[in-house]
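Per-entry structural report
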Amino acid sequence: KVLFSSVDPDFVDHSKPISEGLNLLEGVKEVSKGYTEMYSVIEFNYRKNWVTGKFDKRLSLNETNNRYCAESARSRSAKKTFKIDADWVYDAGTAKEVALRYARLLSSRRREYECEVKYVEGIEFVPGDVVPLTDLESNIDNEPVVVKSVQQFRTTVQLTLIRLG
C-alpha cells in the first residue's frame, strides 16, 4: 500500500530508472483504471482532539478552490469524495501540503502499468518511489511514475506503477 502523504510527485529519483535496454523486460502493460478512481472532493480532517475522539479542523478541496479537483469534476467520472483522517497532522500548513498531494494524485485520471524488470545492482524499488519510466514502444519517455507494489522473484521484480499526470 502506498502512503500518498509520503509521495512527492515533484521529486523524481533518477538513480532508479525503469528503462528499456537497462532493466525493463518486454515493455509495460497498461492496466487503466480510467475514470473509476477519480475524486472531485478531498476532505482532510486534522488536529485530532484525543479527549473527544473528533477532529477540530477540516480542510476541504473541491472544484472551487483546487484545479485538480476542478478537472476531475469536469470529467466523465462520478463526483466522489475522498476522506482522510490525519491524526498525525496538527498545523494548517502541513494539512494543506498533504491535502494538495492527495488532490494531485487522486483527482487525475490515473494510468496503472505492470512491468517486469531484471535486477540491476544498486537499484532497489520500494512502494512510494517516484522514478522515471522509459518504454519508447509504448510512447513513454522519461515519465515520472509512482511504484505502487513490488513483487520480488529470484532474478526479476514485478512492478505495478501509477503514471503521474
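Placed above this text is the structure.
Below you will find a few notes about this structure. (Residues numbered from 1 in each chain as written. Predicted model: local features only at pLDDT ≥ 70, side-chain atom pairs only at ≥ 80, totals over all residues. Heavy atoms only, no water.)

Right, let's get into the overall build of the protein chain. Broken down by element type, the protein chain carries two helices and nine strands. For the protein chain, the α and β elements follow one another from N to C terminus as β-β-β-β-α-β-α-β-β-β-β. Out of the 165 residues in the protein chain, the part that is buried amounts to 45%. Counting only contacts in the protein chain whose residues sit at least 6 apart along the sequence, the fraction spanning at least 24 positions is 70%. For the protein chain, the exposed surface amounts to about 9,400 Å²; the carbon and sulfur share of it is 46%. (Helix = DSSP H or I, 4+ residues; strand = E, 2+ residues; numbered from the N terminus. Buried < 20%, exposed > 50% of the residue type's maximum accessible area, 1.4 Å probe, protein only. Contact = heavy atoms within 4.5 Å. Areas by Shrake-Rupley, 256 points an atom, 1.4 Å probe, with all protein chains shown as cover.)

Turning next to the pattern of salt bridges. A complete count under the given rule lists six salt bridges for this structure. Across the salt bridge formed by E43 and R58, the nearest N and O atoms sit 4.0 Å from each other. Here E43 is found in strand β3 (residues 41-49), whereas its partner R58 is found in strand β4 (residues 54-61), with 15 residues between them in sequence. The exposure class assigned to E43 is buried, which follows from its relative accessible area of 16%. (Salt bridge = Lys/Arg side-chain N within 4 Å of Asp/Glu carboxyl O.)

Okay, the sheet that holds strand β6 (residues 111-118) next. Within the open sheet, the six strands sit side by side as β1-β7-β8-β9-β6-β2. Their pairing is mixed. Pairing within the sheet leaves two strands with one partner each, and these edge strands are β1 (18-19) and β2 (24-30). Two strands pair when backbone bridges link them, and strand β7 (residues 130-135) and strand β8 (residues 140-152) are joined in this way by five bridges, in the antiparallel orientation. Counterpart to L133 in the pairing with β8 is E143. (Pairing = 2+ DSSP bridges.)

If you trace the backbone, T160 turns up in strand β9 (residues 156-163). Assessed through its relative accessible area of 14%, T160 is described here as buried. A distance of 3.0 Å separates the side chain of T160 from the side chain of S149, its partner in a polar contact. Residue contacts for T160: discarding those within four places in its chain leaves E112, Y113, E114, V146, V147, K148 and S149. (Polar contact = N/O pair within 3.5 Å; in protein donor to acceptor, adjacent residues only side chain to side chain.)

So, about the sheet that holds β4. Taken together, the three strands give an open sheet; going across it, the order is β4-β3-β5, and neighbouring strands pair in mixed fashion. Strands at the two margins of the open sheet, each flanked by one partner only, are β4 and β5 (81-86). Neighbour-to-neighbour, the strand axes of this sheet turn through a mean angle of 20°, independent of strand direction. One ladder, built from seven bridges, connects β3 with β4; its direction is antiparallel. Bridge pairing in β4 links N45 to R58. Together, β3, β4 and β5 form the strand contacts of helix α2 (residues 92-106), whose direction differs from that of β3 by roughly 150°. (Axes fitted to C-alpha atoms, helices over the stretch in contact; angles between N-to-C directions.)

Our focus in this paragraph is helix α1 (residues 67-74). Buried within α1 are the following residues: Y68, C69, A70, S72 and A73. Elements in contact with the buried residues of α1: β3, β4 and α2. With a side-chain oxygen positioned 3.0 Å from the backbone nitrogen of Y68, the residue opening α1 is N66.

Burial of nonpolar side chains together is a common tendency in soluble globular proteins. Counting 16 residues, the largest nonpolar core has I18, C115, V117, F125, L133, L159 and L161 as the members making the most contacts within it. Of all the secondary-structure elements, those providing two or more residues to this core are β2, β6, β7, β8 and β9. Excluding residues within four positions of it along the chain, L159 makes contact with I18, Y113, E114, C115, V117, F125, V147, S149 and V150. Counting residues in each nonpolar core, the second largest holds 15 residues, with A86, V89, A99 and Y102 among its members. (Core = buried A, V, L, I, M, F, W, Y, C linked by side-chain atoms within 4.5 Å.)

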